[in-house]
Each structure stands twice: as structure tokens, then as C-alpha cells.
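# Coordinates in review
What follows is the residue order along each chain.
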Amino acid sequence: MEEKEISQAVVGRLPRYLRYLGELRDEGIERVSSQELSDIMQVTASQIRQDLNTFGGFGQQGYGYNVGYLYDEIGKILGLNREHRLIIVGAGHLGQALVNYSNFERRGFLFCGLFDSDPKVCGQKIRGIAVRPMEEMAGFIRDHNIDIAVLTIPKNAAVETAEQLAACGIKGIWNFAHVDLRLPGHIQVENVHLSDSLMKLSYNLSSAEEET
């Protein structure tokens with residue numbers, strides 16, 4: 001059977017569904033309707049039903065959705081039912097902050113190594129993880145079955161480093177460097193530009209001020 005392509009817009013909403021369903025589950029709520037989810041998430045009920053139907057539905061007419069079941073199923077769709085082993089390249093403030101954010105581990109994302117090109121940083125430990133020199137990166141990826149690399153390095157080093165990671169067999173890159181990486185199709189890249197989100201907020205603030 002031919003697999004249908006899932007739009008990235010739908011994929012982008014799945015983590016929000018998971019987050020809100022997790023909150024409902026923690027509150028002891030066992031079922032929820034698409035309209036109730038709509039009220040919480042500010043997404044139309046029809047959009048929610050359409051998104052979930054993309055993956056087979058999960059709901060029953062007149063009953064709604066079983067919160068725990070839907071939470072687990074979306075987790076599986078997002079690949080959270082298995083462990084992901086990560087390294088961070090760049091042990092500066094952002095890299096350290098990511099290592100120290102323990103919620104990633106709850107989702108199955110395990111930070112296994114830290115790498116940096118600065119000899120003064122190498123040897124230091126961040127949350128028990130030693131910072132290693134870049135020369136050790138390829139062997140570490142191979143020996144520890146690393147599948148995701150996180151780039152928190154300057155733009156001018158990101159492209160070359162990403163190519164090195166691709167050659168090492170990395171499957172995915174979470175890129176915080178201020179450049180959009182383009183790698184072979186079998187390597188999944190998520191480019192994150194924090195300043196874009198801040199500028200979007202600035203635009204919305206400006207628009208709101210013009211309306212008052």
C-alpha cells in the first residue's frame with residue numbers, strides 16, 4: 001500500500017496535542033471531545049479531527065477521545081516510544097542550557113556527549129557529561145550509537161561540522177546555528193532560529209499597538 005505524505009503543518013501541531021493531552025492526563029481526565037480540545041488549544045475542532053484522521057482517527061462519535069490512549073498513540077507517531085541518543089556540538093551557554101533541561105530525558109532524548117573546539121572548555125563537566133575535543137567526535141558517534149546531533153555553534157563552523165556529522169552516520173541534526181543547513185535527503189534537519197520567533201513577537205506587538 002502506498003504511503004501518503006503527511007504535511008509538515010500537521011506534524012508541527014502534533015507536539016502541541018501531546019503537550020495538552022499530557023496535562024489532561026495528569027489532571028486525571030480520561031476522555032475529551034474535539035470541541036473541548038479546540039477550546040483549550042485555540043485550534044478549530046474540525047482541524048483537530050482532520051489532523052487526527054490523517055493517522056487513522058482514534059476517536060468515537062459521541063464519546064470523543066480516550067486521553068491516555070491518544071497521548072500514547074501520538075507519542076508513537078512522533079517516535080517517542082524509543083530512545084534517541086544525542087550529542088551536543090558547542091558547549092557554550094545554549095549547549096549547557098540544553099543539557100541541563102531534564103525534560104528531554106522524560107521524552108526519551110538522552111544527551112550522551114558534549115564536544116567543543118576550545119581546549120579551555122574540554123575536560124569540564126556539564127551535568128556529569130565531560131566536554132570532549134572535536135577530534136573524538138566521529139569515534140564517539142560510532143561507539144555510542146548516536147543518532148541525533150545538536151549544533152549550538154557559530155554560523156561559520158556549522159556547515160563544515162554538519163558535513164562531518166553526515167559522514168559519521170548521524171541520522172538527524174537539530175541546528176541552532178544561524179544558517180539553514182542543506183544535507184542529503186536521508187539526514188533529517190530541523191533548523192531552529194530563535195531570533196525569528198522573537199521578531200514575530202515584535203511584529204505582533206507593533207500590530208497590536210497600531211490597532212489601539
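Let me begin by describing the structure that accompanies this report.

Procedures and definitions
Residues numbered from 1 in each chain as written. Predicted model: local features only at pLDDT ≥ 70, side-chain atom pairs only at ≥ 80, totals over all residues. Heavy atoms only, no water. Phe/Tyr/Trp six-rings, centres within 6.5 Å; stacked < 30°, edge-to-face > 60°. Helix = DSSP H or I, 4+ residues; strand = E, 2+ residues; numbered from the N terminus. Buried < 20%, exposed > 50% of the residue type's maximum accessible area, 1.4 Å probe, protein only. Lys NZ or Arg CZ within 6 Å of the ring centre and 35° of its normal. Salt bridge = Lys/Arg side-chain N within 4 Å of Asp/Glu carboxyl O.

## Brief notes about the packing of aromatic side chains
If you walk through the whole model with that rule in mind, you get six aromatic pairs. Seen from their ring centres, Phe104 and Trp174 are 5.8 Å apart, and the 85 degrees between their planes marks the pair as edge-to-face. With a gap of 70 residues between them, Phe104 in helix H6 (residues 103–106) and Trp174 in strand S9 (residues 172–175) connect regions that are remote in the sequence. Given the relative accessible area of 23%, Trp174 is considered partly exposed. Note on Trp174 and Phe176: the rings are 4.7 Å apart at their centroids and 65 degrees apart in plane angle, and the pair reads as edge-to-face. Through a chain of ring-to-ring contacts, the aromatic side chains of Tyr101, Phe104, Phe111, Trp174 and Phe176 assemble into a single cluster. The positively charged end of Arg25 is found above the aromatic ring belonging to Tyr71, 4.1 Å away from the centroid.

## With respect to the pattern of salt bridges
Within this structure, the stated rule accounts for eight salt bridges. Salt-bridge contacts for Lys76 lead to Glu73; the nearest nitrogen and oxygen are separated by 3.3 Å. Of this pair, Lys76 and Glu73 both sit in helix H4 (residues 67–77), three residues apart, roughly one helical turn. Judged by its relative accessible area of 46%, Lys76 is partly exposed. Between Glu83 and Arg85 there is a salt bridge, with the nearest N and O atoms lying 3.4 Å from each other. Glu83 sits in the partly exposed class, given a relative accessible area of 44%. Residue classification places Arg85 among the partly exposed positions, given a relative accessible area of 24%.

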